[in-house]
Amino acid sequence: MNDKQYKQAVEKLNLWARHYYVLDDPITTDEVYDELYHEVLAYEGQNPHAIAENSPTQRVGDVISDGFTKEKHLSRMWSLEDIFDSDGLKKWLEKTYRLDKNISFYCEPKYDGASLNLIYEDGKLTKGITRGDGSVGELITQNVKTIRSIPLTIEYKELIEIRGEVVIFKDEFEKINEQRLKNNEAVFANPRNAAAGSLRQLDSSITASRNLVFLPYGVGVNSLKFKLLSELMEFIYTLGFIKPPRHSTCQGYEEIQNIYELMKEERDSYEMMLDGMVIKVDEIASQIDMGYTVKNPRFSVAYKFPAVQKITTLKEIVLQVGRTGVVTPVAIVEPTDIDGVVVERATLHNFDEIDRKDIRINDKVIILRSGDVIPKIIKVLTQERDGSEVKFERPSTCPVCHSELLDEGVLLKCQNLECEARVINSIIYFASKPCLNIDGLGVKIVEVLFTSGLVKSVVDLFDLSLDKLLKLEGFKEKKSQNLLDAIENAKGCEYWRFINSLGIEHIGEVASKTLSDNFGFGFIDATKEQIMACEGIGEEMAESVLEFVRVNKEIILQLQNILQPQEPVKKDEAKENPFKGKTVVLTGTMSRSRGVIKEMLESLGAKVSGSVSKKTDFLIYGEDAGSKYDKAMTLGVECLDEDEMRKMIV
Ligand code: IVH
């Protein structure tokens, strides 16, 4: 790659990334992106002084700060007055029309996240500042650079402040909380807290891992010449920022009210959380005339959606037994209407959460429901207690099969493999979307199949016949045939689905894809070392795979024989080079961060490990190398400085 090709490659990567992260319309595959990314990385490794400012490698979160410095916004970040209903809207419109009759409005979502000010100078992102008190915030540029929907460079060269909200999409939020539960950490109450917390991490690699998203809603200091805010925003979107899922210009009460109703109805289907709609006067000259009160702009208002939090009473805690035997507590609450949906159950996650929040039966609690986010108890109102509250006793036996539970601290587990709840849930899981995607195998039908004795394990599904099904209550010919067809359709599935459907503990969709890509049908013969060498798979996961295969090898082969999944094509391997297949340890300060060098070596097929042992093939050291260097010397591990390493690659 020469300098020109390098620059073109960076442009191409940015275009691809923009289609992926901003336009939600990928135009290449991850594999092609990764390949070019690694070529760029290798070029930068050899030409550290020629690295482009907008290179995607500059987003790697590897900066650890020991605190954030305060930074003044170039112009104040205002907040908005709230209105809550159509009366509020009418009053606000009257007031606003009194200031100026000839106005129209621009409506867009009010995102629920953390506000952020971006400063671009000469087309480069130079500062990212949290809102703070509106005048002064905290400088978090390093963290901001890890957010993929924030362009590092823009085509517009004048000084500009671009403002927006940093959010976490709902599905990502659920994933983070699942992970936190596994690590025995407290869960985030809502996506807003998760976004705000992630943005202010001192270790920017944590921010990078959270998949934050930036949604622009306005500008501060700028010298743009647009007459209308709607035009100005269109221009901002063209610079490489995400467009709102719905935005629109309109006039008068009726039109505004209609868009509001529409957005409220649609909001569950949006990826991000909204807490209302923002109405802004579209004419920028009128905005300037109207000006500000002490706190808020007069030309804008937040029309809030009905609350998604409600106070209710916790009536009971019931226990559910999942397919892995984990017993989860679920709160049954006094039915309460939250934004049109009657909520009766809320998740409690696990028994530690009950202790941590000191949740007692009869407590008054605040529950949150929003979109796809499962209703949850976010707060216990302890000041409301009257003595009638009862502590919840941790169970010692399975609520379904009554066998003794294994107490693992955070988790309680039913150990009985034949426990009805476990079997039924594992069949449902086997048939679910990310597994074999068999339509029609929901809770009710599986329960009937199980209790009738027809299906005692997943293998039995493939022995079902029309005759057998028609004998069951409620099974007519059409329904039965549809079910049989759906089961038949599962044959010839992708191999990762097959792996995922086995329900191996700690192995979900992503890990199943990794195992399928790396080993194909050979996954049942892979060794612990081979499995751990796969990206994203650690020791606990590898052990879980091995143990599962050891116990269930026959059943796996039997199922594979029935299902005849497709053998995946293995990934291209790295070209021959001295680091391929070798274990490498990095230490000391090098010309590039260790994260970048690690990625480069991994792209060459090396495994980069954290500590030196007899198995280490190379230690690569920078300045101020310490104990790892000494240990490598004692063990006779080959030590290379950065230059020597680079010479071996070319
Ligand atoms: S405009 C000049 N638009 O809500 C007015 N704010 O309550 C400045 N927010 O601090 C704000 N979505 O963090 C505006 N589409 C949107 C917004 C939005 C979310 C947040 C923002 C602001 C707060 C005001």
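Up top is the structure.
Residues numbered from 1 in each chain as written. Predicted model: local features only at pLDDT ≥ 70, side-chain atom pairs only at ≥ 80, totals over all residues. Heavy atoms only, no water.

Peer 1: Which residues make up the packing of aromatic side chains, and what values do they have?
Peer 2: The geometry of two aromatic rings is summed up by the distance between their centres and the angle between their planes. Inspection of the entire model under this criterion finds 20 aromatic pairs. On the basis of an interplanar angle of 40° and a centroid distance of 5.5 Å, the ring pair of Phe226 and Phe235 is categorised as tilted. Residue Phe226 is classed as partly exposed on the basis of its relative accessible area of 28%. Ring geometry for Phe351 versus Phe392: centroids 6.3 Å apart, planes at 5°, classification stacked. Note that Phe351 is positioned in helix α11 (residues 351-356) and Phe392 in the loop between β16 (373-380) and β17 (405-407), a separation of 41 residues in sequence. Every member of this aromatic cluster is reached through a ring pair, and the members are Tyr495, Phe498, Phe521 and Phe523. The ring centre of Trp78 lies 4.0 Å from the NZ or CZ of Arg76, which sits over that ring. (Phe/Tyr/Trp six-rings, centres within 6.5 Å; stacked < 30°, edge-to-face > 60°. Buried < 20%, exposed > 50% of the residue type's maximum accessible area, 1.4 Å probe, protein only. Helix = DSSP H or I, 4+ residues; strand = E, 2+ residues; numbered from the N terminus. Lys NZ or Arg CZ within 6 Å of the ring centre and 35° of its normal.)

Peer 1: Break down the nonpolar core for me, with residues and values.
Peer 2: Core analysis: the largest hydrophobic core is formed by 51 residues, its most contacted members being Leu441, Leu449, Leu461, Leu515, Phe523 and Leu559. Those elements that provide at least two residues to this core are α12 (420-431), α13 (443-451), α15 (477-489), α16 (495-501), α17 (509-519) and α19 (539-563). Ranked by the residues each element gives to this core, the list is headed by α19, at 8 residues. When near neighbours in sequence (up to four residues on either side) are disregarded, Leu559 contacts Phe430, Val458, Val459, Phe462, Phe498 and Leu502. (Core = buried A, V, L, I, M, F, W, Y, C linked by side-chain atoms within 4.5 Å. Contact = heavy atoms within 4.5 Å.)

Peer 1: Mind laying out unusual backbone geometry, listing which residues take part and the relevant values?
Peer 2: Within the chain, His349 stands out as a residue other than glycine whose phi angle is a positive 65°. Along the polypeptide, His349 turns up in the loop between β14 (341-347) and α11. Of note in this structure, His506 is not a glycine but carries a positive phi near 70°. Positionally, His506 belongs in the loop between α16 and α17.

Peer 1: Give a detailed account of the site of the ligand, specifying residues and quantitative values.
Peer 2: As a matter of local geometry, the ligand sits amid 14 residues, with Glu108, Pro109, Ser115, Glu165 and Lys280 nearest to it. Contacts to the ligand include Lys110, whose side-chain N or O atom sits 3.2 Å from an oxygen atom. Contact between the ligand and Ser115: an oxygen atom at 3.1 Å from a side-chain N or O atom of the residue. For the ligand, the accessible surface in isolation is 520 Å², of which the surrounding protein chains cover 87%. (Near = heavy atom within 4 Å. Polar contact = N/O pair within 3.5 Å; in protein donor to acceptor, adjacent residues only side chain to side chain. Areas by Shrake-Rupley, 256 points an atom, 1.4 Å probe, with all protein chains shown as cover.)

Peer 1: Just give me the short version of the pairing of strand β19 (residues 583-587), but keep the residues and values in it.
Peer 2: With 5 of 5 residues buried, β19 is to be regarded as a mostly interior element. Because side chains alternate across β19, one face comprises the buried residues Thr583, Val585 and Thr587, and the other comprises Val584 and Leu586, equally buried. Bridge analysis of β19 against strand β20 (residues 607-609) gives 3 bridges, and the strand direction is parallel. The partner of Thr583 across the bridge, within β20, is Lys607. Summarising the sheet, β19 and strand β21 (residues 618-621) pair through 4 bridges and their orientation is parallel. Its bridge partner being in β21, Leu586 is matched across the sheet by Ile620. (Pairing = 2+ DSSP bridges.)

Peer 1: Talk me through the side chain of Ser230; I want residue IDs and the actual numbers.
Peer 2: Relative to the helices and strands, Ser230 is located in helix α8 (residues 229-238). Leave out the neighbours within four places in its chain, and Ser230 touches Tyr106, Thr249 and Asp282.

Peer 1: Describe the sheet that holds strand β9 (residues 248-250), naming the residues involved and giving the relevant values.
Peer 2: Whenever strands of a sheet pair, they do so through backbone hydrogen bonds, lying parallel or antiparallel. Pairing is mixed in the open sheet, where 5 strands are placed in the order β2-β11-β10-β3-β9. Of all the strands in the sheet, just β2 (82-83) and β9 have a single pairing partner and so form its edges. Bridge count for strand β10 (residues 274-281) against strand β11 (residues 300-304) is 5 bridges, and the pairing is antiparallel. In the sheet register, Val278 faces β11, and the bridge partner there is Ala302.

Peer 1: How would you explain the environment of Asp624 if you had to name every residue and give the values?
Peer 2: For Asp624, the position within the fold is in the loop between β21 and α21 (627-635). In this structure Asp624 comes out as exposed when scored by relative accessible area, which is 71%. It is 8.5 Å that separates the C-alpha atoms of Asp624 and Thr587, two residues lying 37 residues apart in sequence.

Peer 1: Talk me through the sheet that holds β21; I want residue IDs and the actual numbers.
Peer 2: Read from one edge of the open sheet, 4 strands run β20-β19-β21-β22, paired in parallel fashion. In the strand order of this sheet, the two ends are held by β20 and β22 (638-641), each with one partner. Taking the axes of each pair of neighbouring strands and ignoring which way they run, one obtains an average angle of 30° across the sheet. Sitting on the sheet, helix α20 (residues 594-603) touches β19, β20 and β21, and the angle it makes with β19 is about 165°. This element, α21, spans β19, β21 and β22 of the sheet and lies at about 145° to β21. (Axes fitted to C-alpha atoms, helices over the stretch in contact; angles between N-to-C directions.)

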